[in-house]
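Each chain, letter by letter, is given below.
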Amino acid sequence: MLSTAPFGSTGHRSSRLIFGAAALGGMSQDRADGLLPTLVAGGVNHIDTAASYGDSELRLAPFLQQHRTDFFLATKTGDRSGAAARASLERSLERMQVDQVDLIQLHNLVENDEWERAFASDGAVAALFAARDEGLCRHVGVTGHGLRIARMHIRSLGEADFASVLLPYSHVLVEDEAYAADVGELLELCGERGVAVQTIKSVARRRWPDGDMRKFSWYEPIDDDEVMRRAIEFVLANPLVFLNTSSDARLLPRTLEIAEGFDGSVPDPSLLEGDRLAHGITPLFDGGALEVI
């Protein structure tokens, strides 16, 4: 079974592996119904979806009718105004047929103008904390992509009592010294504040070359079993973080297998370097326009 850890100060012990429900966005209901029970069997007890993940919230609804109390349920809104963010949360509750989510997150809050709008007096931050006080959600978090997001999360945590953050984290990304320093500072702050840290893009190989199919994900995943194992184990070896599974559902069984067998060992850095060179594992983000994906 998967190991668990306190999800920040929420009072929930989440599986170190969190199901990234973007994988459900383009699925049929029948396929989703067949996939979701593997989470229960594998010991996953935390689901992370978003209003923008296609039909993901709708695909979760039948499963949640039977398993709502078995999972910490998180969703996201990309809206920045208070009224729109509140409406997004209410729509997510309706789509998933639940009365409350455990966590509502501001989705990809990285650009300065959006940040200013979200933190305005009539912005999304105030509206979501008000929704928390009304019982529509239990906690509020913030997420983001790209090389600027760790620094932006630090800024956000200075202004609001967020329960969690989410950001990219992998052995290739921390080769960027500036990003690694920002992530280190963020992790220290989150440890002091009891803020949960979720990670994404652990098994990303690179952006798809032009002209390639992008059926399952906007990035090309690592396709070698041992290289994938080391990439996942690199993340899980950091006890301060949780790993969100890929939006490519084909990778879920292998990801579960690797996480279940993880013994706590840190992968050899020389092997990780060899993986990057031999398999063309490159950063997905450039610190600029690509942050918005």
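Just above, that's the structure.
Below, the structure is looked at part by part. (Residues numbered from 1 in each chain as written. Predicted model: local features only at pLDDT ≥ 70, side-chain atom pairs only at ≥ 80, totals over all residues. Heavy atoms only, no water.)

1. Section: the packing of helix H3 (residues 56-67) against helix H4 (residues 82-96)
Where we set the bar: Note on geometry: axes are C-alpha line fits, over the in-contact stretch for helices, and angles between N-to-C directions span 0 to 180 degrees. Segments assigned H or I by DSSP are reported as helices when at least four residues long, segments assigned E as strands when at least two residues long, and all are numbered from the N terminus. Angular relationships are summarised with four words: roughly parallel below 35 degrees, roughly antiparallel beyond 145, roughly perpendicular across 65 to 115, and oblique for the angles in between. Contacts are residue-level and defined by heavy atoms, with any inter-residue pair within 4.5 Å sufficient. Gly falls in the polar group here, along with every residue not listed as nonpolar (Ala, Val, Leu, Ile, Met, Phe, Trp, Tyr, Cys, Pro) or charged (Asp, Glu, Lys, Arg).
Put simply, H3 and H4 touch, their axes get as near as 7 Å, and they point 55° apart. Classified by the angle their axes make, H3 and H4 are oblique. Between H3 and H4, the contacting residues are Glu-57, Leu-58, Leu-60, Ala-61, Leu-64 and Gln-65 on the first element and Ser-92, Arg-95 and Met-96 on the second. Along the lines of polarity and charge, the residues of the contact of H3 with H4 split into five nonpolar, two polar and two charged.

2. Overview of the pairing of strand S7 (residues 137-143)
Using the following cut-off: Summary of the burial criterion: residues with accessible area below 20% of their type's maximum are buried, those above 50% are exposed, and those between are partly exposed, where the area comes from a 1.4 Å probe applied to protein chains only. Two strands pair if DSSP finds at least two bridges between them.
The buried count for S7 comes to six of seven residues, which makes it a mostly enclosed element. Here five bridges tie strand S6 (residues 101-106) to S7, and the two strands are oriented parallel to one another. Each bridged residue has a counterpart across the sheet, and for Gln-105 the counterpart in S7 is Gly-141. Across three bridges, S7 lies against strand S8 (residues 164-168) in parallel orientation. In the strand pairing of S8, Val-142 is matched with Val-165.

3. Observations regarding the pattern of salt bridges
Rules: Every case where a carboxyl oxygen of Asp or Glu lies within 4 Å of a side-chain nitrogen of Lys or Arg is listed as a salt bridge.
Within the structure shown, the criterion is met by 23 salt bridges. The closest approach of N and O atoms between Arg-229 and Glu-233, which form a salt bridge, is 2.9 Å. Of this pair, Arg-229 and Glu-233 both sit in helix H9 (residues 225-236), separated by four residues, roughly a single helical turn. Residue class for Glu-233 comes out buried when judged on its relative accessible area of 11%. Across the pair Arg-250 and Asp-248 runs a salt bridge whose closest N-O atoms are separated by 2.6 Å. The buried category is assigned to Asp-248, whose relative accessible area is 1%. Look at the salt bridges and you will find they share partners, linking Arg-68, Asp-102 and Arg-138 into a network.

4. Quick notes on unusual backbone geometry
Backbone geometry follows two general trends: most residues other than glycine have a negative phi, and most peptide bonds adopt the trans configuration. Of note in the backbone geometry, Gln-97 takes a positive phi value of approximately 60° without being a glycine. Take Gln-97: it is sitting in the loop between H4 and S6. Under the relative-accessibility criterion, Gln-97 is labelled exposed at 52%. Not every positive phi belongs to a glycine, and Asn-108 is a case in point at roughly 50°. You can see Asn-108 is positioned in the loop between S6 and helix H5 (112-118). Taking relative accessible area as the criterion, Asn-108 reaches 11% and is therefore assigned buried.

5. Side note on the side chain of Arg-59
Assignment of secondary structure puts Arg-59 in helix H3. Note on Arg-59: relative accessible area 16%, which makes it buried. Each residue touching Arg-59, except ones within four places of it in the same chain, is listed here: Leu-24, Met-27, Ser-28, Gln-29, Ala-32 and Leu-36.

Keep in mind that these numbers describe shape and distance, not what the molecule does.
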